[in-house]
Amino acid sequence: PLASPPTARGPLLFGDLENRGVLDLVSAGGTFFGSGRSGFAAAGTALAGDKGATVAALAAADFDGDGRLDLARLDGGGVRLLRNRTTAPGEWLRVALRGVKNAKLAAGAEIEVRAGSSYQKRPYAGVPLLFGLGRRQLADSVRITWPNGLIQNELRQRARTAATFTEAQRLSGSCPMIFTWDGKAFRFITDVLGVAPLGASAGDGEYFPVDHDEYVQVPGEALAASDGRYEVRVTEELREVSYLDQIGLVAVDHPADLEIFTNDKFKGPPFPEFRLFGARRRLHPRRAIDGDGHDVTALLARRDARYPDAFRRDYDGVAELHTLELDFGDVARDGRAVLVLSGWVDWADGSTYLGAGQRHGGGLVMPQLQVQDEAGRWRTVVEDMGIPAGKPKTIAVDLTGKWLSPARAVRIVTNLCVYWDEAFLAENAADPPARLTPLAASAADLHYRGFSTPTIHPQRKQPERFDYARLLAVPPWNPTPGLYTRYGDARSVLAAADDLLLVMGSGDEVSLAFEAAALPALPAGWRRDFLLLVDGWAKDRDANTAFGQTVEPLPFHGMSRYPCPAGEAFPDDEAHAQWRRETLTRPALRLVRPL
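Criteria and cut-off values
- Residues numbered from 1 in each chain as written.
- Predicted model: local features only at pLDDT ≥ 70, side-chain atom pairs only at ≥ 80, totals over all residues.
- Heavy atoms only, no water.
- Helix = DSSP H or I, 4+ residues; strand = E, 2+ residues; numbered from the N terminus.
- Buried < 20%, exposed > 50% of the residue type's maximum accessible area, 1.4 Å probe, protein only.
- Contact = heavy atoms within 4.5 Å.
- Areas by Shrake-Rupley, 256 points an atom, 1.4 Å probe, with all protein chains shown as cover.
- Lys, Arg positive; Asp, Glu negative; His and termini not counted.
- Charge placed at Lys NZ, Arg CZ, Asp CG, Glu CD.
- Pairing = 2+ DSSP bridges.
- Axes fitted to C-alpha atoms, helices over the stretch in contact; angles between N-to-C directions.
- Salt bridge = Lys/Arg side-chain N within 4 Å of Asp/Glu carboxyl O.
- Core = buried A, V, L, I, M, F, W, Y, C linked by side-chain atoms within 4.5 Å.
- 1 Å grid on protein atoms, 1.4 Å probe; cavity = no way out; pocket = protein on both sides within 12 Å on 5 of 7 lines; lining within 4 Å.
- Points joined across faces, edges and corners; volume = space filled by probe spheres on them.
- Nonpolar A, V, L, I, M, F, W, Y, C, P; charged D, E, K, R; others polar.
- Arc of directions from axis to C-beta.
- Polar contact = N/O pair within 3.5 Å; in protein donor to acceptor, adjacent residues only side chain to side chain.

1. Some details on the overall build of the protein
- Looking only at helices and strands, the protein features two helices and 39 strands.
- For the protein, the spread of C-alpha atoms along the three principal axes comes to 90 × 60 × 50 Å.
- Split into buried and exposed, the 595 residues of the protein put 54% on the buried side.
- When contacts within the protein are restricted to residue pairs at least 6 apart in sequence, those whose partners lie at least 24 apart make up 69%.
- Surface exposure of the protein reaches about 25500 Å², of which carbon and sulfur atoms provide 52%.
- Each charge sign in the protein was given a centre, from 69 positive and 76 negative side chains, and these centres are 7 Å apart.

Here's what the structure looks like:
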């Protein structure tokens, strides 16, 4: 750092007083021109307070909007504005930001401006910044690094422009993505570990509790053996860190006329236990009504990417409190029934939920399940029935013992952006006939791959899709700073849930193979589907995610919550110390070229 001139005293600040593209120094003892290299030269008179009062603080901004940096001085006489009357200032560009998924004022962002050989970088505190361009008529590039790590480039900005840049519509953090080889191509299945969002703000001053294992359903037609192997890919497409502890494949063999569903979903504690449900026929609602009284029965009759979506919401992922009523008529008279729902959630960032929680009446309302009592009144019987953990998935809700009357109608109440695709009842809640055969990976390799091309709905009313065969030409962001697992063979660290983690960052991929010959023959009249077990956690880079800007601290199975309370720490025995020394050795890549 440069030493201040000896006559500079009191509060100090830096600012480009003549729009030269070089920072000058301002103090109560005077102003000093920056040379752009190694020092400052006296340029102006002292800024002492009125009547000898001590200057308590200085601030700089273009207060009058004329493209010149003004000063404000706080002393015993109050706040005084000192307007910049430079007679021949250089060209300038004023930059303001408007967050969308980030906070609207975008405090904590960084702005870089490149104009010819001139380069400037400044932190953004929620008020417009003035960049001097000298004699240049154009800024070649303005790069914004939003507080959550998203990088946005705005090219060829003309001088003497007051530009306001709105955060571009892009994905940020979610979860790792799963692709399977279906015999023709790698098919996008869904995301995983939405049940384990480390350090995500719940909007009430607390963080979401996290589960750590998820069974992802993979239909049999989506996983075909190639040269005797089932091929699975787990990719990190987004701005986050994934901590994978175990990945295994489970073959689920069952009668062909029986559909199998799992109990997995995102919900608060107690977390769902592993179990299966079966359905031999789908009992769709005879009538479905949304909160505005619209008949949405046809939208829930099949999985066709059409959803009841008339509820009001914003782009950030916050919705009004809305309802969905499902009347199943005269079915499941013995009360033993399972509600099966397929859909997805446009999951907002932690900053969005934090902001919603700070508003009057804000906060999350996880989907509540209500049924009718004998008087026809709606009563909540399940406070948190769960939601699909991210991209399209199917969840099941056991309604056995929940009915309060002969009516077989249910109502779902929430303010999350949940989009239901299909809803039906299954009349049997007993364990279905099924044979489960677990497979460990015969090969696993961690490597850099890049980013699949996403498809994003302009109103976010469809889930994002990823094209595995088409990679983005330019990476959208840099991985979170820290140490990651070295590239190469990863089979040993994914073999068991033992806190010997595979830590992967943006652009990484794990390719896995499972031996088809290890599975038993199918009985006549049966079919084979699959579950992919993934045990681990994911942490996005949202500004309000705990430790979202670093890989550490690492999660582990013995923690009661994340961040961990005092007295809890990642295992430090010899096995884990050796794991750190030998595998956690790769610094975060620098994917986005610096300006």
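2. Overview of the sheet that holds strand 11 (residues 129-134)
- Read across the sheet, three strands follow the order 11-8-14 without closing on themselves; strand pairing throughout is mixed. In this open sheet, the two edge strands, each paired with only one partner strand, are strand 11 and strand 14 (161-166). With strand direction ignored, the average angle separating the axes of adjacent strands in the sheet is 25°.
- As judged from the five bridges shared by strand 8 (residues 91-98) and strand 11, these two strands associate in the antiparallel manner. Of the residues in strand 11, the one forming a bridge with leucine 93 is phenylalanine 131.

3. Observations regarding the pattern of salt bridges
- If you walk through the whole model with that rule in mind, you get 41 salt bridges.
- Between arginine 68 and aspartate 66 there is a salt bridge, with the nearest N and O atoms lying 3.0 Å from each other.
- Taking relative accessible area as the criterion, aspartate 66 reaches 26% and is therefore assigned partly exposed.
- Of the charged contacts in the structure, one is a salt bridge between arginine 233 and glutamate 231, with a shortest N-O distance of 3.1 Å.
- A residue is classified by how much of its surface remains accessible, and arginine 233, at 13% relative accessible area, is buried.
- Residue classification places glutamate 231 among the buried positions, given a relative accessible area of 16%.
- The network of salt bridges with shared partners includes Asp191, Lys391, Lys393 and Glu464.

4. Details of the nonpolar core
- The biggest cluster of nonpolar side chains holds 85 residues, and the ones touching the most others in it are Leu244, Leu326, Leu339, Leu494 and Leu512.
- In terms of residues, this core owes the most to one element, strand 19 (residues 240-255), which gives six residues.
- In this structure leucine 339 touches Leu326, Phe328, Leu369, Ile395, Ala396, Val397, Leu399, Val410, Phe424 and Leu425, once residues within four positions along its chain are discounted.
- Leu97, Ala109, Val113 and Ile144 belong to the second largest nonpolar core, which has 31 residues in total.

5. Observations concerning the layout of surface pockets
- When its volume is computed, the largest pocket comes out at roughly 920 Å³.
- What lines the largest pocket is a set of 42 residues, and nearest its centre among them are Gln217, Pro219, Arg303, Lys393 and Thr394.
- Elements with a minimum of two residues in the lining of the largest pocket: strand 16 (186-191), strand 17 (213-218), strand 19, strand 20 (259-262), strand 24 (338-345), strand 27 (393-398) and strand 38 (526-540).
- It is strand 17 that provides the largest number of residues to the lining of the largest pocket, a total of five residues.
- Classifying every residue of the lining of the largest pocket gives 22 nonpolar, seven polar and 13 charged.

6. Comments concerning the side chain of threonine 145
- Here threonine 145 is to be found in strand 12 (residues 138-145).
- Judged by its relative accessible area of 18%, threonine 145 is buried.
- Sequence-distant contacts of threonine 145, that is, excluding residues within four places in its chain, are made with Ala109, Glu110, Glu112, Leu150 and Ile151.

7. Observations concerning helix 2 (residues 574-583)
- Taken together, the buried positions of helix 2 are His576, Trp579 and Thr583. Seen along its axis, helix 2 keeps its buried residues to an arc of 60°; they face one direction. Along helix 2, exposed side chains directed more than 90 degrees from the buried face belong to Glu574 and Arg581.
- Next to the buried residues of helix 2 lie strand 34 (483-485) and strand 39 (584-587).
- Sitting at the amino-terminal end of helix 2 is aspartate 573, which places a side-chain oxygen 3.2 Å from the backbone nitrogen of alanine 575.

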